[in-house]
Amino acid sequence: MTSKYLASVLRKKLSDQKELVGLLPITGFEIFFYLVPLAFLLIISFWMTKDYQPVPIWNLQNYRFVFSDPLVRVAFFRSLIITLTTLVLTILVAYPFAYGMVFKVPPKYRQLILIAIIAPFWTNYLVRAYSWQLILGGNGVINHLLLNAGFVKTPLSILYTHIATRIGLLHFLVTVMVLNLYTTMDNIDRSLIEAASDLGAGPFKNFLWVTFPLTLHGLAVGTVFVFIFSFTDFIAPSVLGGGTKPIFSQKIVDAAHWTANYSLASALSMAMILVIGIFLLLIFRMVRAVMKEEK
Amino acid sequence: MKHLDRYLFYGYMAAVFVFLFLPIVTIIIFSFNVDKFASLPWRGFTLRWYQNLVFDTGILSSLENSLIVSTSVAVTSCVLGFMGAYSLSRRRFRFQDVFSGIMVSPMAVPWVILGLAMLVFLTRINLEGSLVSVWISHTVFGAPFAMLIIRARLSGLPVQYEEAGWDLGASRLRAIWHIVIPLTLPGIIAAFLLTFTLSFDEFLIAWFVCGFQATLPVKIWEMIRSGLNPTINALGSVIFLFSMALAIIASLLSGTGKRVAKK
Amino acid sequence: MRHSKASEVESRMSQQEHDVVLDQVSKNFGNIVAVDDVSLKVRRGSFLTLLGPSGCGKTTTLRLIGGLEFPTRGRILIKGQDVTDTPPYKRETNLVFQDFALFPHMNVLNNIGFGLRMRGVQKREVKEKVQEMLDLVELPDVTYRRTNQLSGGQRQRVALSRALILEPAVLLLDEPLGALDAKIRKQMQTELKNLQRKLSRTFISVTHDQEEAMTMSDEIAIMNNGHVEQVGPPHVVYERPVSRFVANFLGDCNLIEVEVVESRPERVVVREPRLGTFLFHPDRDWQNLRHQGNMLMMIRPENITIVEDHHSFPNKIGGRIKTLAFKGSITEYVVETSWTEIKLQVQGRSQLNQGDPVLIGWKAEDCYLIP
């Protein structure tokens with residue numbers, strides 16, 4: 001009798017957990033093909049590479065190289081500068097757009113605008129970067145127009161400089177930032193703005209003291225995405241920026257593809273993750289500080 | 001005067017739209033240009049570059065590879081994603097948020113690092129250098145992404161429908177097949193289309209792991225690398241229109257716009 | 001749960017009479033006790049209603065019978081078979097959900113025919129049976145309509161059909177009339193009752209509406225805080241409630257704390273110091289003979305009247321009319337006495353006014369004592 005009882009108790013417990021069975025395949029897959037490879041990457045950053053294979057000779061050589069090599073340092077700062085300037089540009093371009101979308105456009109058109117913004121977002125990033133070559137190149141649209149109109153005598157070299165890189169990045173990131181800001185802005189309680197207006201705040205002050213602070217959250221999230229993407233992107237700098245002034249992600253690809261020094265490549269990757277981590281921390285601190293100030 | 005600010009914003013937004021669609025429009029226009037160099041003035045209209053597409057075996061085989069891989073990725077992602085989404089939406093458990101966070105992280109990790117990690121790891125287990133490697137690598141971020149999309153749809157489905165199914169004699173699995181899946185179908189299709197597009201357009205990770213079996217983006221990269229080639233314009237235009245169409249359909253299906261319009 | 005010889009014999013015996021047996025069933029959700037040690041027997045072919053306020057556990061109990069929840073403790077038997085661990089798709093019960101839960105992606109035919117298809121019945125036969133069912137519930141023309149095109153009353157009939165077509169041993173109904181307009185509700189009460197009689201199938205319904213329960217049921221089980229307070233036919237639970245809760249839940253009543261002075265099988269005398277002494281004539285089912293000390297005397301307002309002839313009523317109290325309300329067929333009074341307020345109902349219009357002194361009374365058989 002007791003065994004029957006135990007069996008029914010077990011069956012009940014199992015049937016409670018049965019619903020979670022569906023999580024096993026995806027969890028197993030992600031653990032084996034995502035977490036394990038990343039962990040392995042971390043490990044081999046402490047190894048060496050011989051004959052194009054990582055071998056378990058533990059050392060810190062790779063990291064020493066990463067932190068001391070002058071070329072790496074140059075690439076790092078170049079990436080950082082491009083990232084930060086792109087960040088500022090993106091915010092400047094995206095913010096008014098999102099604001100207009102939420103506060104100025106009649107609601108019935110919003111779905112249309114949203115879809116219109118999302119559509120180019122899903123196109124092939126590589127091809128998009130390439131298309132900018134057609135516009136920014138020596139024979140491209142811009143130069144052609146400028147030459148014909150007589151504004152310049154010789155074609156401007158925008159392509160193959162990091163100005164072009166920034167444009168390429170901006171083109172992708174504007175949508176990301178708009179989407180982030182849009183959600184936050186949409187959730188703002190309009191009565192707060194009306195209350196402020198009622199209390200005597202003109203439109204500019206109202207924006208500065210009421211609307212803007214309420215969007216900081218979305219702005220922070222968007223900033224994080226923009227930073228991570230710009231700092232780590234490989235395609236835009238390669239296609240539009242030319243190869244002469246390498247940036248950090250290109251260093252990783254160089255190490256991996258051209259010299260097959262996987263342990264160095266992974267050390268560089270870890271350094272990249274470190275930078276991102278530091279940035280996230282900074283943003284987190286900043287947001288918290290601003291929130292405290294509000295109180 | 002009252003509406004001046006409104007029109008200012010409209011104008012600005014229009015300018016941003018021009019910026020966003022400029023490269024897309026440009027490449028489509030230039031794909032018909034007779035001139036080899038993408039330059040003005042316009043010298044003539046031709047379909048030559050599109051014809052090239054059809055006869056270039058390199059492009060065709062990489063297209064075939066891409067279609068095979070992306071479809072497989074979409075299928076795998078949707079299956080894994082649906083199972084995970086179903087469990088998540090039916091059961092609460094501790095650490096659910098942490099779990100969700102980890103699941104979504106492949107989208108946030110820099111893909112250059114992800115590509116490198118996949119390359120190193122897959123080489124180690126001898127799964128590197130083929131379409132299978134690309135399939136696995138893309139599913140790594142495809143499955144959680146599909147799970148996210150499907151879950152949004154599933155949580156809107158009251159559990160009563162399933163319970164009614166059980167009560168009427170359908171076992172758990174049959175109830176899922178006859179009731180849950182049909183009612184979640186728009187979400188599943190949206191997840192399928194979006195995961196397909198993500199995989200189809202993805203260059204970096206595929207480049208790392210595909211070896212000699214190039215997918216279409218890898219082939220495009222090689223073409224860009226080897227110099228200005230107007231066939232790229234034709235190819236790019238086709239891809240653009242294809243991706244945008246898929247994305248728009250998926251958007252409509254997953255109701256992104258609907259929530260907006262309701263306000 | 002050990003299975004003793006005695007209960008085995010008992011369950012074999014009850015197989016013949018009871019379609020549903022709950023044996024000390026409890027259900028916990030984490031720390032919350034939803035159903036607390038409930039034992040219930042439902043006779044074959046009867047209409048039982050689980051009645052109680054929100055959160056009393058009645059819906060959970062229904063779902064336990066249907067198999068949508070599994071008990072934390074206890075056994076559930078349907079037609080004599082232990083189904084405690086049986087999943088809902090293998091039980092001989094079917095549930096009509098509160099919001100009907102009609103499958104939105106199927107038309108009426110496929111909704112009603114769903115259970116039959118799950119059993120492997122051929123399409124043509126399914127169609128025939130569905131049509132028969134629809135004729136039975138008087139909805140012959142809606143076969144191919146989508147469920148969102150139907151009115152509330154129609155949807156309810158479709159939900160009923162979907163469950164009944166499978167000929168379950170027990171039909172479960174979760175607040176079956178809750179989603180309907182007041183007008184249709186009364187009509188549906190009688191229709192449901194008639195349907196049950198016609199099919200002579202066991203129905204178990206859940207509601208918080210006491211009038212609905214009284215109209216439709218053969219037996220009512222009143223629940224409070226997860227346990228069953230009383231089970232019995234409507235008139236029994238109304239006239240002879242076992243607790244203050246049951247008395248209050250089923251309608252207005254007056255409750256006065258009294259002390260038992262004299263207690264005999266055919267006559268009980270009680271006393272309230274400020275109001276006087278009262279007589280109670282219990283019927284043969286009176287169980288509380290041994291109970292001494294304090295009890296609650298319950299008198300329903302409709303059993304109290306204004307006394308004209310001193311001798312016809314053994315129980316009398318004097319007081320003043322505090323409020324009166326004319327409700328058409330009856331007048332409701334609230335009379336203030338030296339100790340408490342008493343509510344009473346009198347037929348027709350009153351001749352008295354607010355503030356008038358009045359003598360009210362009731363018969364010895366018309367009151368009841370609750371421990």
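Since we're looking at a predicted model, the values are computed, not measured. (Residues numbered from 1 in each chain as written. Chains lettered and ligands numbered in written order. Predicted model: local features only at pLDDT ≥ 70, side-chain atom pairs only at ≥ 80, totals over all residues.)

1. Notes on the overall build of chain C
- When helices and strands are tallied, chain C shows 9 helices and 20 strands.
- Dimensions along the principal axes, computed over C-alpha positions, put chain C at roughly 75 × 55 × 40 Å.
- Within chain C, the fraction of its 371 residues that count as buried is 38%.
- Summarising the internal contacts of chain C: among those between residues at least 6 apart in sequence, 65% fall at separations of at least 24. (Helix = DSSP H or I, 4+ residues; strand = E, 2+ residues; numbered from the N terminus. Buried ≥ 20, exposed ≤ 12 C-beta atoms within 10 Å, placed from the backbone. Contact = placed C-beta atoms within 7 Å.)

2. Some points on the sheet that holds strand β1 (residues 18-29) of chain C
Residue and element names in this part refer to chain C.
- Pairing is antiparallel in the open sheet, where 4 strands are placed in the order β2-β1-β4-β5. Since the sheet does not close on itself, it has two edges, and those belong to β2 (32-43) and β5 (81-82), each with one partner.
- Here strand β4 (residues 73-78) pairs with β5 via 2 bridges, running antiparallel. Opposite leucine 77, over in β5, you have aspartate 82 as the bridge partner. (Pairing = 2+ DSSP bridges.)

3. Section: the interface of chain A and chain B
- Contacts between the two partners involve 67 residues from chain A and, on the opposite side, 67 residues from chain B.
- For the side of chain A that touches chain B, the element with the highest residue contribution is helix α2 (residues 23-44) of chain A, accounting for 13 residues.

4. Re the sheet that holds strand β18 (residues 341-347) of chain C
Residue and element names in this part refer to chain C.
- Ordered in space as β15-β19-β16-β17-β18, the 5 strands form an open sheet in which the pairing is antiparallel. With partners counted over all chains shown, the strands left at the sheet margins are β15 (305-306) and β18, one partner each.
- Here 2 bridges tie β15 to strand β19 (residues 357-362), and the two strands are oriented antiparallel to one another. Looking at the pairing, threonine 305 lines up with glycine 361 of β19.

5. Considering the nonpolar core
- Counting residues in each nonpolar core, the largest one holds 141 residues, and the members touching the most others are Ala98 of chain A together with Leu116 of chain B.
- In terms of residues, this core owes the most to one element, helix α6 (residues 131-154) of chain B, which gives 13 residues.
- Counting 93 residues, the second-largest nonpolar core is a separate cluster that includes Val130, Ile165, Tyr333 and Tyr368 of chain C. (Core = buried A, V, L, I, M, F, W, Y, C linked by C-beta atoms within 7 Å.)

6. Looking at the packing of helix α5 (residues 110-121) of chain A against helix α11 (residues 231-253) of chain B
- α11 of chain B packs onto α5 of chain A with a crossing angle of 140° between their chain directions and a minimal axis gap of 8 Å. Judged on the interaxial angle alone, α11 of chain B and α5 of chain A are oblique. Note that α5 of chain A runs across α11 of chain B; the crossing there is right-handed. Across from Ile115, Ile118 and Ala119 of chain A in α5 of chain A, the residues of α11 of chain B making contact are Met244, Ala247, Ile248 and Ser251 of chain B.
- For the contact of α5 of chain A with α11 of chain B, the residue count by class is 6 nonpolar, 1 polar and no charged. (Axes fitted to C-alpha atoms, helices over the stretch in contact; angles between N-to-C directions. Parallel < 35°, antiparallel > 145°, perpendicular 65-115°, else oblique. Left-handed = near helix turned anticlockwise from the far one by under 90°. Nonpolar A, V, L, I, M, F, W, Y, C, P; charged D, E, K, R; others polar.)

7. Examining the domain arrangement of chain C
- Each assigned domain of chain C is listed with its residue range as follows: domain 1 (5-243) and domain 2 (252-370).
- The C-alpha centroid of domain 2 of chain C is placed 39 Å from the C-alpha centroid of domain 1 of chain C. (Domains from an automatic or database assignment.)

8. What to know about helix α2 (residues 58-66) of chain C
All names here are of chain C.
- Judged by how many residues are buried, α2 sits mostly within the fold: 9 of 9 residues are covered.
- Buried within α2 we find Lys58, Thr59, Thr60, Thr61, Leu62, Arg63, Leu64, Ile65 and Gly66.
- Residue glycine 67 follows α2 closely and has a positive phi angle near 95°.

9. Looking at the packing of α6 of chain B against helix α8 (residues 172-201) of chain B
All names here are of chain B.
- Packing of α6 against α8 leaves a shortest axis separation of 9 Å and a crossing angle of 155°. Between α6 and α8, the angle is such that the two are roughly antiparallel. The handedness of the crossing between α6 and α8 is right-handed. Judged by residue contacts, His138, Gly142, Phe145, Ala146, Ile149, Ile150, Ala152, Arg153 and Leu154 of α6 engage Thr184, Pro186, Gly187, Ile188, Ala190, Ala191, Leu194, Thr195, Leu198 and Ser199 from α8.
- Across the contact of α6 with α8, the residue classes tally to 12 nonpolar, 6 polar and 1 charged.

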